[in-house]
Amino acid sequence: MKYETVIGLEVHVELATESKIFCSCSAHSYGSEPNEHVCPACCGMPGMLPVVNKRVVDFGMKAGMMLNCHINRVTTFDKKSYYYPDLPAAYQTTQWFAPVAVNGLVEIETSKGKKNVRIKQIHMEEDAGKLVHDIREDTTHVDFNRTSVPLIEIVSQPDLSSAEEVEVYLDRLKNLLRFAKVAECEMAHGTMRCDVNLSVRPEGSDKYGVRTEMKNMNSIEAIKRAIEYETARHIDAIENGTEVLVQETRRWDDIKGKSYAMRTKETAGDYRYFPDPNVMPVVIDDEWFDSIQDSLPEFPEVKRDRYINEYGLSEYDADQITKSIALCECFEEAYSVCKSAKDAANWIISEIMSILNKRMITYDMLKINAHALGELILLVSDGKVGRANAKKVLSDMFDDLTIDPLKYCEANGYIVSNDTGLVEKVVAEAIANDPKAVADYKGGKEKALMSIYGKCMKELKGNCDPQMLRTILIDAINKI
Amino acid sequence: MKIYSSKLDKKSDKAIVVDDMLLTVDMPTSAGSKMLDGYMSLFEAEAITRLKANGYDIVGKADVGEFSFDLLGETSCNGAIVKDGKLCNASAEILKADEAVATVNLEVNGTVIRAAAQNDLCAVKPTYGTVSRYGTVPVACSGECVSVMSRNASVCREVLGVIAGHDDKDGTSLPEPYEYTSGVRRVAFLKSMTQGIDGEISEKLSSFKATLEKNGVEVCELDDEVICLSNIAWNILMSSELCNNVSRYDGVKYGHRAESFSGIDELYTNSRTEAFGELLKKTILFGSDNLSTENYMKVYDKALRIRRVISEAFAKIFGEFDAALMPACSTLSYGEDYLQSNKDAAFTENFYTAPASITGLPAVAVGGIQLIGKAFSDMMLLEAAELCEKEGK
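If you're wondering where the values come from, they're calculated on a predicted model, not measured in any experiment.

### Examining the overall build of chain B
Then, in step 1: Along its length, chain B carries 13 helices and 12 strands.
Then, in step 2: Over its C-alpha atoms chain B spans a radius of gyration of 20 Å, differing by no more than 12% from the 21 Å that the globule rule assigns to 393 residues.
Then, in step 3: Along the longest, intermediate and shortest principal axes, the C-alpha atoms of chain B span 70 × 55 × 45 Å.
Then, in step 4: Sorting the 393 residues of chain B into buried and exposed places 63% on the buried side.
Then, in step 5: Taking as baseline every contact in chain B between residues at least 6 positions apart, the subset at least 24 positions apart corresponds to 75%.
Then, in step 6: For chain B, the computed accessible surface area is about 14,200 Å², with 51% contributed by carbon and sulfur atoms.
Then, in step 7: One finds the centroid of the 40 positive side-chain charges in chain B at a distance of 2 Å from the centroid of its 57 negative side-chain charges.

### Brief notes about the interface of chain A and chain B
Then, in step 1: At the interface, 30 residues of chain A touch 39 residues of chain B.
Then, in step 2: For the pair chain A and chain B, the summed buried surface comes to about 2,700 Å²; carbon and sulfur atoms form 60% of the total.
Then, in step 3: Counting across the interface, chain A meets chain B through zero salt bridges.
Then, in step 4: Of all the secondary-structure elements, those providing two or more residues to the side of chain A that touches chain B are β4 (78–81) and β15 (274–275) of chain A.
Then, in step 5: Here the residues of the side of chain A that touches chain B are counted per class, giving 22 nonpolar, four polar and four charged.

### Topic: helix α5 (residues 286–294) of chain A
Residue and element names in this part refer to chain A.
Then, in step 1: Those residues of α5 that sit buried are W288, F289 and I292. Relative to the axis of α5, the buried residues are bounded by an arc of 100 degrees and lie together on one face. In α5, the exposed residues that point more than 90 degrees away from the buried face are D286, E287 and D294.
Then, in step 2: Looking at the buried side of α5, the elements it contacts are α1 (54–66), β2 (70–71) and β16 (282–283).

### Re the nonpolar core
Then, in step 1: One finds F67 and F314 of chain B to be the most contacted residues of the largest nonpolar core, which totals 134 residues.
Then, in step 2: Beyond its immediate chain neighbours, meaning those up to four positions away, F67 of chain B contacts M21, A31, S33, L36, V108, V137, V139, V246, Y249, F276 and L280 of chain B.
Then, in step 3: Residues I7, V100, L173 and C328 of chain A belong to the second largest nonpolar core, which totals 104 residues.

### Some remarks on the packing of helix α9 (residues 341–358) of chain A against helix α11 (residues 387–399) of chain A
Two quantities define a packed helix pair, namely the angle between the axes and the distance from one axis to the other.
Residue and element names in this part refer to chain A.
Then, in step 1: Between α9 and α11, the shortest axis-to-axis distance is 11 Å and the interhelical angle comes to 50 degrees. As judged from the angle between their axes, α9 and α11 are oblique. Relative to α11, the crossing made by α9 is right-handed. The residues of α11 that touch α9, namely those facing W347, S350, E351, I352, I355 and L356, are R387, A390, K391, L394, S395 and F398.
Then, in step 2: Here the residues of the contact of α9 with α11 sort into seven nonpolar, two polar and three charged.

### Quick look at the side chain of T24 of chain B
Residue and element names in this part refer to chain B.
Then, in step 1: Of note, T24 is situated in the loop between β1 (15–19) and α1 (46–53).
Then, in step 2: A relative accessible area of 1% places T24 in the buried class.
Then, in step 3: Polar contacts involving the side chain of T24 include one to the main-chain carbonyl oxygen of M27, which spans 2.8 Å.
Then, in step 4: Look past the residues within four positions of T24 in its chain and what remains in contact with it is V18, T29, S41, E44, I48 and K61.

### Thoughts on the environment of D419 of chain A
Then, in step 1: If you trace the backbone, D419 of chain A turns up in the loop between α12 (405–411) and α13 (420–433).
Then, in step 2: Sequence separation between D419 of chain A and C464 of chain A is 45 residues, and the spatial gap between their C-alpha atoms is 8.9 Å.

### Some details on the sheet that holds strand β13 (residues 248–253) of chain A
Residue and element names in this part refer to chain A.
Then, in step 1: Here nine strands make up an open sheet; going across it, the order is β2-β6-β7-β10-β1-β11-β12-β13-β14 and the pairing mixed. Whereas interior strands pair on both sides, the edge strands pair on one side only; in this sheet they are β2 and β14 (258–261).
Then, in step 2: Where strand β11 (residues 192–202) lies against strand β12 (residues 212–217), four bridges are found, and the strand directions are antiparallel. In the sheet register, V196 faces β12, and the bridge partner there is M214.
Then, in step 3: In the packing of α1 onto the sheet, contacts are made with β2, β6 (101–110), β7 (113–126) and β10 (150–156), and the angle to β7 comes to roughly 165 degrees.
Then, in step 4: The sheet strands contacting helix α2 (residues 163–179) are β1 (3–14), β6, β7, β10 and β11, and the helix crosses β6 at an angle near 120 degrees.

### Structural notes on the confidence of the model for chain B
Then, in step 1: Per-residue confidence for chain B averages 94 on the pLDDT scale, and 97% of its residues sit at or above 70.
Then, in step 2: Quick note on the complex model: pTM equals 0.89, ipTM equals 0.94.

### Overview of the pattern of salt bridges
Then, in step 1: Evaluation of the coordinates by the stated rule reveals 51 salt bridges over all chains.
Then, in step 2: Residues K342 of chain A and D317 of chain A are paired through a salt bridge, measuring 3.2 Å at the closest nitrogen-oxygen approach. Placement of the pair is K342 of chain A in helix α9 and D317 of chain A in helix α7 (residues 315–321), with a sequence separation of 25 residues.
Then, in step 3: The salt bridge partner of K83 of chain B is E93 of chain B, with a shortest N-O separation of 2.6 Å.

Cut-offs used in this document
Residues numbered from 1 in each chain as written. Chains lettered and ligands numbered in written order. Predicted model: local features only at pLDDT ≥ 70, side-chain atom pairs only at ≥ 80, totals over all residues. Heavy atoms only, no water. Helix = DSSP H or I, 4+ residues; strand = E, 2+ residues; numbered from the N terminus. Rg over C-alpha atoms; globule rule 2.2 N^0.38 Å. Buried < 20%, exposed > 50% of the residue type's maximum accessible area, 1.4 Å probe, protein only. Contact = heavy atoms within 4.5 Å. Areas by Shrake-Rupley, 256 points an atom, 1.4 Å probe, with all protein chains shown as cover. Lys, Arg positive; Asp, Glu negative; His and termini not counted. Charge placed at Lys NZ, Arg CZ, Asp CG, Glu CD. Buried area = accessible area lost by both parts, 1.4 Å probe. Salt bridge = Lys/Arg side-chain N within 4 Å of Asp/Glu carboxyl O. Nonpolar A, V, L, I, M, F, W, Y, C, P; charged D, E, K, R; others polar. Arc of directions from axis to C-beta. Core = buried A, V, L, I, M, F, W, Y, C linked by side-chain atoms within 4.5 Å. Axes fitted to C-alpha atoms, helices over the stretch in contact; angles between N-to-C directions. Parallel < 35°, antiparallel > 145°, perpendicular 65-115°, else oblique. Left-handed = near helix turned anticlockwise from the far one by under 90°. Polar contact = N/O pair within 3.5 Å; in protein donor to acceptor, adjacent residues only side chain to side chain. Pairing = 2+ DSSP bridges. pLDDT = per-residue confidence, 0-100.

In structure tokens form, the structure reads like this:
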């Protein structure tokens, strides 16, 4: 029998606000010392009252709008009670009864074509702290830096059916939320985490199978492996009766490549949700709603089409650049200076993206002075700086955002010389030193010319207009 | 019995005692619980900051029952205060001994109104949201209010004027300016709320009614059975919120920690079992049950609806009347054995105080009775209280 996998995701995304959701502690804990950003409020001490950070609601609404959701104009916060050492007040303030956004839609495109994934809801909540297990001392420490950092949880309907779709969907969420600048969505930083709900059923069936949930997945690769493992386990159980499937929460062990049922104690329980009496319902009036809607960015596909239609980029180039808002911004800024979309796109796709790949930096983390990039592109297209030297400058520009390309090229001797006398002299020497190559070229070997050309360019330290060098070189050889 | 008296030697007409539900940085805050015995807060209550800024001296702290939702404070981990065979309240004792001009208390479940009524003192539980709850030990956040008790209404009015006002640190704090009403002309006497009162209370009500009438205030009898449901609904809301609010005391970060345990679950359980008193444990169980998935709609949500119905009933009354007159308690004193025969007294005797707690309406206790008014009628209720005081003198 053929089976299909049914997957729904709960994606937790840390919002990129400056401060926490209910207090003024910094929300940027990545890389900080433990318990550096804490106060009596986020430590759950008695007497502190939550005051909603308006930016969190702004970002929550914006995320909802990016995912085509309906925004609830009256949105409320609720308390979810459970005991865990990383939850200092023994309750999490979240949204249970009236989440900020509901009924959204996200379009994804996989090798099988386009598909809509329905979003059930997006709710805002506070994060919990982090437990740090010290194996040497056999103790556990708790770090409250992350406590009360604002999160949104994006709950999808069970509309996904493969690891590939999940990967594309997560990429799409990340792209949309990064375009709106509401979140970093970096799994490696813990700013995006994922619970995978999975069941298996005979293809075409309208009944769902037994669902299992894998919590807190934090890498795409692990998610893909876990989905494949769980799918196989479910099918095996259904076909061969190897085990009885039960609705449960499982933990994925990525090293062993297996999922394990968690102790029932860890999953049982009643969260006893109720409206938080200390947080008044948040009423989103028209003015507020409109201001957020007006602040929405151009959507990635709108940008892509504009790049193709307005700037004449190829589909491939437009696709590459709209993978990341950072690349788009770099492209648009560089273009505004160099006035050649093709050149700007080329430099970004062939040079910047490869430097990022080499340095293992994600495209979104690109930090470069794009205005200076535009100037550098101009220097090359105007024939003032050789391409090889320009690449060196670009590499240095990654490390120093203050570089002024023209001054930098002047200081480093990267400016193309217009001294034809010097070029002729270098060419003459090169020809004299390599009679074999000259003979080969004359004998019809095009490649031989490139070898002499390369030697000349090297001798000139790259500071020569390629066309000029080529003309002088061919002239000189033809004269022999 | 324990009345913190660290600074009580200082005689001052600006001396204020706060109860042990208000966090202080120079004195411990125990909330009457062994769980928080000796707990030192890192910050102080907003009400205290405002009092200090206005020249008041915080001269000490008054003991409270465990998380201050009992009758008069008898569930304190320091034991009940009993005098001449009667249960007493620490704050009221301090005022009667003239050791402070006023006490500032967190009114959770009627303790303050009852204590004032039984000791011929005046107390005001202000309109919910007019006094910041920042820095108070949370119990039943949707109804509890920082309140004032004094020997006379004018001091209550003065102190309330100092502590009331918007506070950004409290998300439920109302925006200013508050438009306090004044001038009592018509008062509704809520006959249905006189259930269970004894002869003395009955007399107090009659005499207050007479005083009002003598001063040209019209008093009409009114029956409203809906308001009688207040404490049933309030007990559900209060215990549920309490259950959630005290869940933070787990023996891990601060407060009492059991000496013997194996594993985190036992640490929680043993610490809480050892440190929490009987009434608190019972209330936690009740509250937890109310919020369970099975009971939420049947119980908690229904209580929220009743809260709204009661608010509407009062709104209707205050369409015609300036205030509602009713008892503050069933009797003028609780004997030592009262609790033996009334084990759930905290959940029954609040029949009289729950209407104000559940609606957030202001209430004033004076002359052994209670007046409830519409939102922002706090000062008007105190005016009426002054009429009564004049009559008594």
